[in-house]
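# What the coordinates show
The lines below spell out each chain.
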There are 2 protein chains.
Amino acid sequence: MESWKYWGISYFRPMIYVTIIGTGNVSYHLQRAFSKAAGVCLESVISARDMERLALLREKTTNQKGSIESTQSRVYLIAVSDGAIAEVAQRLKGVDGIIAHTSGNTPLAVLPEDSRRGVFYPLQTFSKNSVISFKKVPLCIEAGRKHDLKVLKELARQISGTVRTLNSEERKILHLAAVFVNNFTNHLYQVGAEICTENKVSFDLLRPLIKETAKKIESLAPFAAQTGPASRNDQQTIENHLGLLKNQHHKDIYKILTQSIANTHAKKL
Amino acid sequence: MESWKYWGISYFRPMIYVTIIGTGNVSYHLQRAFSKAAGVCLESVISARDMERLALLREKTTNQKGSIESTQSRVYLIAVSDGAIAEVAQRLKGVDGIIAHTSGNTPLAVLPEDSRRGVFYPLQTFSKNSVISFKKVPLCIEAGRKHDLKVLKELARQISGTVRTLNSEERKILHLAAVFVNNFTNHLYQVGAEICTENKVSFDLLRPLIKETAKKIESLAPFAAQTGPASRNDQQTIENHLGLLKNQHHKDIYKILTQSIANTHAKKL
């Protein structure tokens, strides 16, 4: 597919030229995905701290304006920490292309109003040690202009099978819900591991259960999948468990989640 | 393998005859697993409410004593709710074989002291709608007598690749930790779904994230897998999220888990 770029001709659909700013986990996984996509040319990956190269970027695209066919697009993806997005975007102002950030919790509006701004948010948890099939990562797209939305969608479809247009408010909600099902869930694994370690029981025995708990949600609604003492109001077991917990933080978490499950089930039954 | 039973001869290892009392989810999945196991003959499944058949059971085994070769074993698995185990066990008193319950949170001691008592606890979440590969379900075994432990282990190895001997205290701890990684985790999926529904955003977009969150734990420790605003002390995002949450219960859960993640990471860094 490199030949497309070499000859400067695109036969079927325009090639999309992508530059990524940022070198963290999101950047790493996007690079991997783009490198396998036929219609994407990853031009460069620039550290947000590399001010010099960021400046060069603007110069370069200004000089090259028109040297790449007009049907082809340039997209600058900002994959840095939420707090640094606005500043990086300011530095990119004036480049020839779409400037899109990759954050769930950041509105489109933090990008300069007079730029071709957009959002390209992959809804997934990324760690460098975990290989991800990007085809199954939902990509949430937003753009200030209709044409740019189309370009970002095309780019997203090159790497993912699930592409959705969401506005900043919807994306925020999704990011908030993601904190519950990912960050908080992982912390419950942590608490489970701490309980095992404190009592010299192997945490490994819980791994198949963790896997099945998530697998159930592929076909069942969370309410239907709920089991355990709280959902059947088994006070005896709940008291046993509270007696076993020595760590006050673990006790507090146990109480509040047990109460919340009981409320949910009392409401629906 | 049925022929082994028909001729009353076992060439390689003794056939284990199993009767299950109870007809819930655990019973259903055990039945499925035993029906595929070469060295197990599932004699019958009896509802705990069927007093008449339970009485017959005692009579029958007393009459048949000696009619099955002495190398063969009979195991009665009690797969009923925790509160009903002691009563069912009382009714079984006097049968010829091992009486074992299948509960995580119930000590061996609730079974009659003068019986051949044991525990056969599959550490997994069972729903009738979800097909489970029993080979990967850890089975936690306990017994009052050495020989009975051996029989229960043999039975467990017929259906699972992970068989562990745990005492009642260790099993309780494991059951408690399981409440965190399964019951509570599933409730966080529920909260995530409620947040999505309240704000008309599709919960389906979170399913790949749920799957990956669990998958990470196959190779990473929970501490290493932790991401999100709480672990990087991103107060801005945390405040945004609390502002978005309208349900006070959701807010309380958010606060306590965020604080707990922050504590965990402050301690270890």
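These numbers were taken from a predicted model, which means no experiment stands behind them. (Residues numbered from 1 in each chain as written. Chains lettered and ligands numbered in written order. Predicted model: local features only at pLDDT ≥ 70, side-chain atom pairs only at ≥ 80, totals over all residues. Heavy atoms only, no water.)

### Structural notes on the relation of the copies chain B and chain A
Placing chain B over chain A gives an RMSD of 0.0 Å and needs a rotation angle of 180°, together with 0.0 Å of translation along the axis. In symmetry terms, the pair is related by a two-fold rotation axis. If distances are taken from each C-alpha of chain B to the rotation axis, the shortest is found for B:Thr185, at 2.6 Å. By residue overlap, the copies meet face to face through one surface: 100% of the interface positions of chain B are interface positions in chain A. (Least-squares fit on C-alpha atoms with pLDDT ≥ 70 in both. Contact = heavy atoms within 4.5 Å.)

### Some details on the interface of chain B and chain A
With 87 residues of chain B in contact, the opposing surface of chain A contributes 87 residues. A combined buried area of about 8300 Å² lies between chain B and chain A, and 68% of that area is made up of carbon and sulfur atoms. Of all residues in chain B, the largest losses of buried area upon contact with chain A belong to B:Phe180, B:Val181 and B:Leu205, amounting jointly to 9% of the total for that side. If you look at where chain B meets chain A, you find 2 salt bridges. Note that B:Glu218 is salt-bridged to A:Lys211, the shortest N-O span being 3.9 Å. Between chain B and chain A we count 24 residue pairs in polar contact (both at pLDDT 80 or more) in total. (Buried area = accessible area lost by both parts, 1.4 Å probe. Salt bridge = Lys/Arg side-chain N within 4 Å of Asp/Glu carboxyl O. Polar contact = N/O pair within 3.5 Å; in protein donor to acceptor, adjacent residues only side chain to side chain.)

### Side note on the packing of helix H6 (residues 168–198) of chain A against helix H7 (residues 207–216) of chain B
With their axes 10 Å apart at the nearest point, H6(A) and H7(B) run at an angle of 15° to one another. The angle between H6(A) and H7(B) places the two elements in the roughly parallel class. Both H6(A) and H7(B) take part in a crossing whose hand is right-handed. Residues A:Ala178, A:Val181, A:Asn182, A:Thr185, A:Asn186 and A:Tyr189 of H6(A) form the contact with H7(B), whose own contacting residues are B:Leu209, B:Ile210, B:Thr213 and B:Ala214. Tallied by class, the residues present in the contact of H6(A) with H7(B) amount to 6 nonpolar, 4 polar and no charged. (Axes fitted to C-alpha atoms, helices over the stretch in contact; angles between N-to-C directions. Helix = DSSP H or I, 4+ residues; strand = E, 2+ residues; numbered from the N terminus. Parallel < 35°, antiparallel > 145°, perpendicular 65-115°, else oblique. Left-handed = near helix turned anticlockwise from the far one by under 90°. Nonpolar A, V, L, I, M, F, W, Y, C, P; charged D, E, K, R; others polar.)

### Quick word on the sheet that holds strand E1 (residues 16–21) of chain B
Residue and element names in this part refer to chain B. The strand order E2-E1-E3-E4-E5-E6-E7 describes an open sheet built from 7 strands, whose pairing is mixed. In this open sheet, the two edge strands, each paired with only one partner strand, are strand E2 (40–46) and strand E7 (163–165). The mean angle between the axes of side-by-side strands here comes to 25°, regardless of whether they run parallel or antiparallel. Pairing analysis gives 6 bridges linking E1 to E2, with the strands arranged parallel. Its bridge partner being in E2, Ile20 is matched across the sheet by Val45. (Pairing = 2+ DSSP bridges.)

### Quick word on the pairing of strand E1 (residues 16–21) of chain A
All names here are of chain A. Within E1, 6 of the 6 residues are buried, leaving the element largely enclosed by the surrounding structure. Side chains of E1 alternate between two faces, with Ile16, Val18 and Ile20 and Tyr17, Thr19 and Ile21 buried alike. Between the parallel elements E1 and strand E2 (residues 40–46), the chain passes through helix H2 (residues 25–35) in a crossover that is right-handed. In terms of strand pairing, E1 meets strand E3 (residues 73–78) through 6 bridges, oriented parallel. Residue pairing for E3: Ile20 is matched across the bridge by Leu77. (Buried < 20%, exposed > 50% of the residue type's maximum accessible area, 1.4 Å probe, protein only. Right-handed = clockwise from strand over helix to strand, strands pointing away.)

### Describing the environment of B:Gln235
Residues and elements named next belong to chain B. Along the chain, the position of Gln235 falls in helix H9 (residues 235–244). Taking relative accessible area as the criterion, Gln235 reaches 41% and is therefore assigned partly exposed. As a C-alpha pair, Gln235 and Ala55 span 180 residues in sequence and 64 Å in three-dimensional space.

### Here we look at the packing of helix H7 (residues 207–219) of chain A against H7(B)
Where H7(A) meets H7(B), the closest approach of the two axes is 8 Å, and the angle between their N-to-C directions is 170°. As judged from the angle between their axes, H7(A) and H7(B) are roughly antiparallel. For H7(A) against H7(B), the interelement crossing comes out left-handed. Contacts from A:Ile210, A:Lys211, A:Ala214, A:Ile217 and A:Glu218 in H7(A) reach B:Arg207, B:Ile210, B:Lys211 and B:Ala214 in H7(B). A per-class count over the contact of H7(A) with H7(B) returns 5 nonpolar, no polar and 4 charged.

### Side note on helix H2 (residues 25–35) of chain B
Turning to H2(B), its buried residues are B:Ser27, B:His29, B:Leu30, B:Ala33 and B:Phe34. Buried residues along H2(B) sit against E1, E2, strand E3 (73–78), strand E5 (116–122) and helix H5 (146–159) of chain B.

### Looking at the pairing of strand E6 (residues 139–143) of chain A
Both faces of the sheet carry side chains from a regular strand, because those side chains alternate between them. Residues and elements named next belong to chain A. Summarising burial for E6: 5 of the 5 residues are buried, a large majority. Sheet topology note: the strand E5 (residues 116–122)/E6 ladder contains 5 bridges and is antiparallel. Looking across to E6, one finds that Pro122 is bridged to Leu139. Pairing of E6 with strand E7 (residues 163–165) involves 3 bridges; the strand directions are parallel. The residue of E7 that forms the bridge with Leu139 is Val163. Taking the sense of rotation as the criterion, the β-α-β connection linking E6, helix H5 (residues 146–159) and E7 turns out right-handed.

### Quick word on the pattern of salt bridges
All names here are of chain B. Taken as a whole and judged by the stated rule, the model has 16 salt bridges over all chains. Note that Arg171 and Glu142 form a salt bridge whose closest N and O atoms lie 2.6 Å from each other. Here Arg171 is found in helix H6 (residues 168–198), whereas its partner Glu142 is found in strand E6 (residues 139–143), with 29 residues between them in sequence. We note that Arg171, like Glu142, is buried. The salt bridge involving Asp234 is made with Arg232; its shortest N-O contact spans 3.3 Å. When its relative accessible area of 47% is taken as the criterion, Arg232 is described as partly exposed.

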